Amino acid sequence: MTSNERVVVIGTGLAGVRLARRLGELGTPASLIGEEEHRPYNRVLLAEVLAGRYSPEVIALPAPAELRRGRVTGIDRAERTVTCADGSVIAYDRLVLATGSNPVLPPLRGLFTEDHQLPEGVHAFRTMDDCLGLSKAVRPGVKAVVIGGGLLGVSAARALALRGAQIVLAQQSERLMERQLDPAASQLVKRHLTDLGVEVHTECRVRDVRCVGGAVRSVEMADGYALDADLVVVACGVRPRVGLAQTAGLDVRKGVVVDDELRTSDPYIHAIGDCAQHDGVLYGLATPALEQADALAELLAGDTAARYTGTRSLTRLTLTGHDSPFDLAAFGETEALPGDDVVQLADATRGTYRKVVVRDDRLVGGVLVGELGTVGALARAWEGAEPLPSDGGPLLHLLTNDGGS
């Protein structure tokens, strides 16, 4: 593209803001459109705001110069314009969808009012408004049920517990954070939450949210058992926001399909972040979103060789308790296949656990709980995908050398 082309970016999350900022640094200013009223912020840190550790201002992102508030309602690909809810029309030469994702709201009885709103006391946990609403409602002793035991649900339960709420976490699958962790690591997460006073129930399906006078009063399980609830947090994952792309006729599968130049099926429209599906993969993580933004910035600023070829990203979470932080990291394949080699080190007294999976002399995944001094070295060995020495000594050194980060 040429430097005088107009770039319009829809979305003010990590990906959109990073792209606009990098383009500005490269001399190709972009117009950023976001529908949230709040200053752009780091969504990854919302749980820290809910826990009371950070104020909203602390997690704010540096906003680019040209930031417009509004909701985009349509894309005219022929005219290369976008239309906003207030009727304004914005022209573009290159359009970037960084629309992120929406919370998954399961089909539970009573979850919505007649006008399709969440009842009083029921909250999703995805936006700053969600976070501030929960912060306003939580108080010591309040009874809260968190539905969902993935990364988001665990973070929300921990944050509410630190605010003094009585928490029950209901997870439908057999363990917490099953997408990232193996059973042993998951059990340590459960123990940490239990130490904070969280009551954790796995293999427990919620079927009904019961309200009186438009406000939540209890949550009923599939076995008929009811939990009293002043607050309910729905943390059942996220789904890419692809409505604009679908209406515009772009190729959408689970997400908006993009190539190595992060182009959609329309060569003048790109997509990055949670809404983008690259090489069949939906990441939904911060590191890939930032790497996509950086690659696209280089490309749009004139580097024709710039490409995005995928991210080998690890999941990292710090749960701050009353006494000490509880850290975990997971990357790649944490469950071994037949024929894989597994190295595990566990210290029950210190609450630490380290495991790596090796396949064909290559590190293919690992999970670390507790002291994470080795995470940097292990992640580098995994990202490099280089064959490991056959005697196993260096791998054991990576697992035990706390200077590796």
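Above this note sits the structure.
Below, the structure is looked at part by part. (Residues numbered from 1 in each chain as written. Predicted model: local features only at pLDDT ≥ 70, side-chain atom pairs only at ≥ 80, totals over all residues. Heavy atoms only, no water.)

**As for the packing of aromatic side chains**
Selection rule: Ring pairs are drawn from Phe, Tyr and Trp, using the six-membered ring of Trp, whenever the two centres fall within 6.5 Å, and their geometry is named by plane angle: stacked under 30 degrees, edge-to-face over 60, tilted for the rest. Only DSSP runs of H or I covering at least 4 residues are called helices, and only runs of E covering at least 2 are called strands; the numbering of each starts at the N terminus. Per-residue accessibility, obtained with a 1.4 Å probe over protein chains only, is compared with the maximum for each type, and a residue is labelled buried under 20%, exposed over 50%, and partly exposed between these values.
According to the stated counting rule, one finds 1 aromatic pair in the structure shown. Between Phe331 and Trp382 the ring centres are 5.1 Å apart and the planes differ by 45 degrees, which places this aromatic pair in the tilted class. With Phe331 in strand S22 (residues 325-332) and Trp382 in helix H8 (residues 375-384), the pair connects residues that are 51 residues apart, well separated along the chain. The residues Phe331 and Trp382 share a single accessibility class, namely buried.

**Description of the sheet that holds strand S2 (residues 30-34)**
As a reminder, the rule being used: Two strands qualify as a pair provided that DSSP identifies no fewer than 2 bridges between them. Orientation is described by axes fitted as lines to C-alpha atoms, over the contacting stretch for helices, and by angles from 0 to 180 degrees between their N-to-C directions. We call two residues in contact whenever any of their non-hydrogen atoms come within 4.5 Å of each other.
Strand order in the open sheet formed by 5 strands is S3-S2-S1-S7-S19, with parallel pairing between adjacent strands. The open sheet has two free edges, formed respectively by strand S3 (67-69) and strand S19 (269-271), since each of these has just one partner strand. When the angles between neighbouring strand axes are averaged without regard to direction, this sheet yields 20 degrees. Where strand S7 (residues 94-97) lies against S19, 3 bridges are found, and the strand directions are parallel. Looking across to S19, one finds that Leu95 is bridged to Ile269. Sheet strands touched by helix H1 (residues 14-25): strand S1 (7-10), S2 and S7. Its angle to S2, the strand with the most contacts, is close to 160 degrees.

**A look at the pattern of salt bridges**
So the rule is basically this: Whenever Lys or Arg places a side-chain nitrogen within 4 Å of a carboxyl oxygen from Asp or Glu, that contact is recorded as a salt bridge.
Using the criterion set out here, one finds 27 salt bridges in the structure. Among the ionic pairs, Asp228 bridges to Lys143, the shortest N-O distance being 3.9 Å. Note that Asp228 is positioned in strand S15 (residues 226-228) and Lys143 in strand S10 (residues 143-147), a separation of 85 residues in sequence. On the basis of relative accessible area, Lys143 is assigned to the partly exposed category, the value being 34%. A salt bridge links Arg175 to Glu174, with the nearest nitrogen and oxygen atoms 3.7 Å apart.

**With respect to helix H7 (residues 286-300)**
For clarity, the cut-off: Multiply 1.5 Å by the residue count of a helix minus one, and that product is the helix's expected span.
Given a rise of 1.5 Å per residue, 15 residues ought to cover 21 Å, and the 21 Å separating the end C-alpha atoms of H7 matches this to within 8%. If you check which residues of H7 are buried, you get Pro288, Ala289, Gln292, Ala293, Ala295, Leu296, Ala297, Leu299 and Leu300. Taken together, the buried residues of H7 touch S1, H1, S7, S19 and strand S20 (276-278). Positive backbone phi, at 115 degrees, marks Gly302, one or two positions downstream of H7.

**Here's the deal with unusual backbone geometry**
Positive phi, close to 60 degrees, is recorded for Leu262, a residue that is not glycine. Positive phi, close to 50 degrees, is recorded for Asp279, a residue that is not glycine. Note on placement: Asp279 falls in the loop between S20 and H7.

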